[in-house]
Amino acid sequence: MSEILLEVSGLKKYYPIRRGLMNQIRGYVKAVDDISFSVARGETFGLVGESGCGKSTTGRSLLRLIEPTAGEIRFEGEDITRLSLEAMRRRRREMQIVFQDPFSSLDPRNTVARILEEPMRVHGTGDARQRRAAVERLAEVVGLTKAHLQRYPHQFSGGQRQRIGIARALALQPKLIIADEPVSALDVSIQSQVINLMQDLQSEFGLTYIFIAHDLSVVKHICDRVAVMYLGRIVEITSKHKLYESPQHPYTQALLSAVPEPDPNIRKERIILRGEVPSPANAPVGCAFHTRCPRVMEVCRNVRPPLLETADGHFTACHLYVDSAPASQTRN
Amino acid sequence: MKQPVLRIEDLHTHFFTDRGEVPAVDGVDLVVNSGEVLGVVGESGCGKSVTSLSVLKLVPSPPGRIVGGRILLKGKDLVPLGEKEMRGIRGNLVSMIFQEPMTSLNPLFTVGQQIIETVRLHRGMSRKAARAHAVEMLQKVGIPRAEEIVDEYPHQLSGGMRQRVMIAMSISLNPELLIADEPTTALDVTIQAQILDLIRRLNEEQGTAVMLITHDLGVVAEMCHRVAVMYAGKVVEEGSVYDIFNHPLHPYTQGLIQSVPRMNEHRERLYSIPGNVPVLSKDMQGCRFAPRCPHVMEVCMRSLPELIRQEEHHSCRCWLHGSSQEDAV
């Protein structure tokens, strides 16, 4: 893989839980709990996991829409967590976000033309005429017509609104786009239109994507590498081919086996996990997954497993793969 | 021949809005046989949810109204029945679970009270017997600590647990037919697997017939025996799950199946159906899918094809398959 565009190390986002008369801090919700990864220029990096795993909080922390509690975020080598708010605002021209809900992320009182122009106006790009031309070009690249520009968001379908959201993110010619569940609210036939559009734009503009999603089939289709999150932690990172062909972490294995395949001829061996995800306010000691893991060992209840390279380019945080536990090695 | 639990004949449910009459369900025919799982698939606005609400006569009125057709539940037509008679049927013969369990559980009552109320009302059980029954139902749907959960309120439970409670409630009177409207759409994939497993067990062990409404083709492939595909208020194709996935006939079904990314294969590009779902109106002409169809012909714009049987259990509503053009004239 080529040059690193974004490097995240030790990222944490803790929310204090305050209780009682003195508003004392009684604990923390560890929404993101010490995660590290890097994203190469031009790649699509997937962040997957179930609700509450911290994938969206991670996405927002990367843009400092939520201030991280700790950790470094290096964008083109510069640690953006140290930037002043004003400097960060300027930096965000290069890092944009597309949200899940195309219904709530567009201002209902503005026309599409105004919505698309706003980022350019805020960042003072070009004069009015140049911006108008840019808006028309943006509409065209995402498949909207000139006539659409004078309409309001409520006059569009979900798929079209998501196109507007994507066009807005492109307005400042960013290098990185964080797409937070961009297609989950869309119908199947519209979903594939938007996915194809995102892929076309990536090759046209050389974009780098961080693609946050819970739908593993979509992630498999669009991503180059994938990180699987569970309770605020990354449990596995690797190329999508390795992840889907030989998942190592028991959670990843269960997650993949749980996805229903749109093919009645396939009868999958399914790992049905018992119980539910524990609360991030009270995450289990040791490995966060040990309460549901079908292969739990004694060490898992006490020691948090580090994310280690367990095969070439394949990182897993699981005691089954830690060298210091040789007894477990044979189990593979 | 299996006796159908539910037979819907030429159902029309329309909504009367300021902007005119909207035929949300526009002549739907469906059969659910005893012991089977029928999947009803389609995208938003295709009429799948309104069809299921019509069966229970739960379509909000106004603006909605069943304006035509018959809904035969074990041979008895529900359309002319009044609210009082419907109350005896809901829960008893047919019950329903929804996508968002929180909106269908009463937040002011404990889980137990809600089940107990149902069985006391319908079965006239004593309070004690009803409570025991409630606990038994909760255990049956895999709720741990059922003895304690029975006294908890819905907000104390997670999404997956609430959906289990909904299922416990809906099977507490042992209905013949369970209608599940997107039962796992709001749930995470590992919890979805648990709930689908539960619904499948109910179907296999109790023989409860299930009408499963979903947009997720993976769920359909995994759960259903037969599938009806809906588009713009009509059933466009119906067949066994193998027919639908292995040799879909209708261009819409074909497009839908090809649009879905799969885990077991890699494609550079997804197929996508151009355009958008049409806005429903009374004056629609021709095949509803014609404006988006890659095989569109002149006749398609003019005249609506019939749902025609292609093989014993496989029907399709398309001019490419069986409808002769003379029918159109």
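To keep things clear, this report deals only with the structure shown in the data block. Keep in mind that this is a model prediction, so the values were computed, not measured. (Residues numbered from 1 in each chain as written. Chains lettered and ligands numbered in written order. Predicted model: local features only at pLDDT ≥ 70, side-chain atom pairs only at ≥ 80, totals over all residues. Heavy atoms only, no water.)

## What about the overall build of chain B?
This is how it is decided: Numbered from the N terminus, helices here are DSSP runs of H or I no shorter than four residues, and strands are runs of E no shorter than two. Note that the radius of gyration is over C-alpha atoms, with the globule rule given as 2.2 Å times the number of residues to the power 0.38. Three exposure classes are used, based on accessible area relative to the maximum for each residue type with a 1.4 Å probe and protein chains only: buried under 20%, partly exposed in between, and exposed over 50%. Any two residues whose heavy atoms approach within 4.5 Å at even a single point are treated as in contact. Areas reported here follow the Shrake-Rupley algorithm with a probe of radius 1.4 Å; residue values treat only the protein chains shown as occluding. Residues scored as charged are limited to Lys and Arg (positive) and Asp and Glu (negative), so that His and the chain ends carry no count. For charged residues, the charge sits on one atom: NZ in Lys, CZ in Arg, CG in Asp, CD in Glu.
Counting its regular elements, chain B contains 12 helices and 12 strands. Rg of the C-alpha trace for chain B: 21 Å, near the compact-globule value of 20 Å for 329 residues, within the 12% margin. Seen through its principal axes, chain B has C-alpha atoms that stretch 65 × 50 × 45 Å. Within the span of chain B, comprising 329 residues, buried residues form 57% of the whole. Summarising the internal contacts of chain B: among those between residues at least 6 apart in sequence, 63% fall at separations of at least 24. Accessible surface, chain B as shown: approximately 14,200 Å² in total, 50% of it carbon and sulfur. In chain B, the 34 positive side-chain charges and the 39 negative ones have mean positions that sit 6 Å from each other.

## A short note on the layout of surface pockets
Residues and elements named next belong to chain B. What counts here: Only protein atoms enter the 1 Å grid used here. Points where a 1.4 Å probe fits but cannot escape make up a cavity, open sets with protein on both sides within 12 Å along at least five of seven lines make up a pocket, and a residue lines them when an atom lies within 4 Å of a point. Grid points are joined across faces, edges and corners, and a volume is the space filled by probe spheres set on the points. Residues are grouped as follows: Ala, Val, Leu, Ile, Met, Phe, Trp, Tyr, Cys and Pro are nonpolar; Asp, Glu, Lys and Arg are charged; every other residue, Gly included, is polar.
Taken as a whole, the second largest pocket holds about 790 Å³ of empty space. When residues of the lining of the second largest pocket are assigned to their parent elements, the largest contribution, 7 residues, is made by helix H4 (residues 111–123). Per-class residue counts for the lining of the second largest pocket are 11 nonpolar, 10 polar and 5 charged.

## Some details on the packing of helix H5 (residues 158–170) of chain A against helix H6 (residues 188–205) of chain A
Residue and element names in this part refer to chain A. Applied cut-off: For every element, the axis is a line fit to its C-alpha atoms; helices are fit only across the contacting stretch, and the angle between N-to-C directions ranges from 0 to 180 degrees. Small angles under 35 degrees read as roughly parallel and large ones over 145 as roughly antiparallel, with 65 to 115 read as roughly perpendicular and the rest as oblique. Crossing handedness is defined as follows: a turn of the near helix away from the far one that is anticlockwise and smaller than a right angle gives a left-handed crossing, while the clockwise case is right-handed.
Where H5 contacts H6, the two axes come as close as 10 Å, and the packing angle between them is 15 degrees. Considered as vectors, H5 and H6 are oriented roughly parallel to each other. As H5 runs across H6, the sense of the crossing is right-handed. In this structure, H5 uses Gly159, Gln162, Arg163, Ile166 and Leu170 to contact H6, whose residues at the interface are Ile190, Gln193, Val194, Leu197, Met198 and Leu201. The residue makeup of the contact of H5 with H6, split by class, is 7 nonpolar, 3 polar and 1 charged.

## Quick word on H5(A)
Residue and element names in this part refer to chain A. Applicable threshold: Multiply 1.5 Å by the residue count of a helix minus one, and that product is the helix's expected span.
The end-to-end C-alpha separation of H5 is 19 Å, in line with the 18 Å expected for 13 residues at 1.5 Å each. Taken across its 13 residues, H5 has 12 buried, putting it largely inside the fold. Among all positions of H5, only Gly158, Gly159, Gln160, Arg161, Gln162, Arg163, Ile164, Gly165, Ile166, Ala167, Ala169 and Leu170 are buried. Buried positions along H5 lie against strand S6 (95–98), helix H3 (112–122), helix H4 (128–141), strand S7 (176–180) and H6.

## Describing the environment of Leu196(B)
All names here are of chain B. Counting through the fold element by element, Leu196 comes out in helix H8 (residues 189–206). Considered as a pair, Leu196 and Leu280 are 84 residues apart in the sequence and their alpha carbons are 32 Å apart. The residues contacting Leu196, other than those within four sequence positions of it, are Thr184, Val219 and Met223.

## Quick notes on the interface of chain B and chain A
Our working definition: The quantity reported as buried area is the accessible area (1.4 Å probe) lost by two parts once they are put together, taken as the sum for both. We define a salt bridge as a contact between a side-chain nitrogen of Lys or Arg and a carboxyl oxygen of Asp or Glu at a distance within 4 Å. In protein, a polar contact requires one atom able to donate a hydrogen and another able to accept it; more generally it is a pair of N or O atoms within 3.5 Å, and residues adjacent in sequence count only if both atoms are side-chain atoms.
In this assembly, 43 residues from chain B lie in contact with 42 residues from chain A. In total, about 3,800 Å² of surface goes out of reach between chain B and chain A, with carbon and sulfur atoms giving 52% of it. When residues of chain B are sorted by the area they lose upon contact with chain A, Thr190(B), Glu222(B) and Met263(B) head the list and together hold 19% of the total. Counting across the chain B and chain A interface gives 2 salt bridges. Between Glu222(B) and Arg270(A) there is a salt bridge, with its nearest N and O atoms 2.0 Å apart. Our count for the chain B to chain A interface comes out at 18 residue pairs in polar contact (both at pLDDT 80 or more). Of all the elements in the fold, those that place two or more residues in the side of chain B that touches chain A are helix H7 (159–171), H8, helix H9 (217–223), helix H10 (241–246) and helix H11 (251–259) of chain B. Ranked by the residues each element gives to the side of chain B that touches chain A, the list is headed by H8(B), at 7 residues. A class-by-class count of the residues in the side of chain B that touches chain A yields 18 nonpolar, 15 polar and 10 charged.

## Thoughts on the packing of aromatic side chains
Residue and element names in this part refer to chain A. Put simply, the rule is: For this analysis, a ring pair means two rings from Phe, Tyr or Trp (six-membered ring only for Trp) whose centres lie within 6.5 Å, classed as stacked if their planes differ by under 30 degrees, edge-to-face if by over 60, and tilted for the remaining angles. We call a charge positioned over a ring when the NZ of a Lys or the CZ of an Arg lies within 6 Å of the ring centre and within 35 degrees of the ring normal.
Across all of its chains, the model carries 8 aromatic pairs over all chains by this definition. Each ring, one from Tyr14 and one from Tyr28, has its centre 5.9 Å from the other, and the planes form 45 degrees; the classification is tilted. You can see Tyr14 sitting in strand S1 (residues 4–19) and its partner Tyr28 sitting in strand S2 (residues 24–40), a full 14 residues away along the chain. According to the relative accessible area criterion, Tyr14 is buried, its value standing at 17%. One aromatic cluster is present, built from ring pairs that chain together Tyr230, Tyr251 and Phe289. In this arrangement the basic side chain of Lys13 is found over the ring face of Tyr15, its NZ or CZ atom lying 5.0 Å from the centre.

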